[in-house]
Amino acid sequence: MAVKQIHYEEVLAECSDYRGAIALLKQFRPYLEMIPSMRRPQESVIPIPLPLIRIRNAVSTVVGNANITSGEVVRLPSDLAILMCDPEWKIKTGVEIFIFIHRPQEDFSDLLGRWRQTQIWLNQGYEWLMPKPHQHILSEGAEATHPLFVIFPETPERVRRGLRGAYLPFVIQTVYALDEESEDLLGFPTSENQRVDD
């Protein structure tokens with residue numbers, strides 16, 4: 001079986017909420033431990049689906065031969081950004097986690113390329129376009145950025161081999177589909193995961 005669009009959509013939708021984002025991080029303990037307060041998770045974890053940043057420095061990019069000017073808004077190639085926030089001080093911490101969900105028809109080079117392009121954007125100096133409830137939080141760039149790849153049992157083995165070879169952390173997520181028309185159930189957590197120490 002191949003990865004279907006519904007697999008991708010279910011994981012993205014589930015992780016767009018802080019509860020789903022935390023459930024995902026529970027599958028990779030080093031990232032779970034970066035959450036400032038598990039007693040106040042709603043104030044500590046800010047998931048941003050299909051994230052946008054404002055670039056501070058002008059940059060030329062190979063993608064589409066575009067020239068990005070200072071102050072321009074760019075959509076990152078990651079599917080989700082998870083920002084950490086100190087619930088006491090109401091400020092963003094220096095840790096940012098970028099989630100890359102394996103997409104239908106996406107091979108290893110495409111998946112890895114999205115992380116590499118994200119690294120290029122983040123190297124330019126940036127600030128976040130924050131979700132409305134969190135717009136009061138200082139949104140400067142991070143001290144440390146970390147990727148996490150979400151793949152499926154249907155993901156080709158070469159993608160797993162490539163991620164292992166590149167020392168990139170991933171988790172294997174199962175989406176339980178009743179049928180194409182019905183609501184799907186997302187399997188959180190799964191016992192299958194791959195941990196890679198930074």
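Treat the numbers as computed from the prediction; the structure is a model and nothing was measured.

### Regarding the overall build of the protein
A tally of regular secondary structure across the protein gives 6 helices and 13 strands. Within the protein, buried positions represent 48% of all 198 residues. Of all intrachain contacts in the protein linking residues separated by at least 6 positions in sequence, the fraction that spans at least 24 positions is 63%. Surface accessibility of the protein: about 10200 Å² in total, with carbon and sulfur atoms responsible for 50%.

### Some points on the confidence of the model for the protein
In regions of low pLDDT, the predicted coordinates are not meant to be interpreted in detail. Summary statistics for the protein give a mean pLDDT of 83 and a share of 79% for residues scoring 70 or more. Every residue in residues 178-184 is under pLDDT 50, and counting partners more than four places away or in other chains gives 11 contacts. Confidence over residues 189-198 falls short of pLDDT 50; this stretch has 23 contacts with residues more than four positions distant or in other chains.

### Thoughts on the side chain of Ser-78
Along the polypeptide, Ser-78 turns up in the loop between β5 (73-75) and β6 (80-86). Setting aside residues up to four positions removed in sequence, Ser-78 forms contacts with Leu-50, Pro-51, Phe-98, Ile-99, Phe-100, Arg-114 and Thr-118.

### Quick look at the environment of His-7
If you trace the backbone, His-7 turns up in helix α1 (residues 5-15). With 145 residues separating them in the primary sequence, His-7 and Phe-152 have C-alpha atoms 8.1 Å apart. Apart from the residues lying within four places of it in its own chain, the contact partners of His-7 are Ala-2, Phe-152, Glu-154 and Val-175.

### Notes on the sheet that holds β5
Strand order in the open sheet formed by 3 strands is β5-β2-β8, and the pairing between neighbours is antiparallel. Both outer strands of the open sheet, β5 and β8 (126-128), are each paired with one neighbouring strand and no more. Neighbour-to-neighbour, the strand axes of this sheet turn through a mean angle of 35°, independent of strand direction. Both strand β2 (residues 52-55) and β8 contribute to a ladder of 3 bridges, which runs antiparallel.

Thresholds, definitions, all that
Here the residue numbers are simple positions, counted from 1 along each chain's written sequence. Predicted model: local features are reported for residues with pLDDT of at least 70 only, side-chain atom pairs are reported and counted for 80 or more only, and whole-chain, interface and lining totals are derived from all residues. Hydrogens and water are ignored here; the side-chain numbers use all heavy atoms of the structure. Each helix is a run of DSSP H or I of at least 4 residues and each strand a run of E of at least 2, with the numbering of both proceeding from the N terminus. Whether a residue is buried, partly exposed or exposed follows from its accessible area with a 1.4 Å probe, protein chains only, as a fraction of its type maximum: under 20%, in between, or over 50%, in that order. We call two residues contacting when some pair of their heavy atoms lies within 4.5 Å. Here the accessible surface of atoms and residues is derived via Shrake-Rupley with a 1.4 Å probe, and residues count as covered only by protein chains that are part of the display. Per-residue confidence from the predictor is reported as pLDDT, a score between 0 and 100. At least two bridges found by DSSP between two strands are what make those strands a pair. Interaxial angles span 0 to 180 degrees and are taken between N-to-C directions of axes, which are lines fitted to C-alpha atoms, for helices over the stretch in contact.

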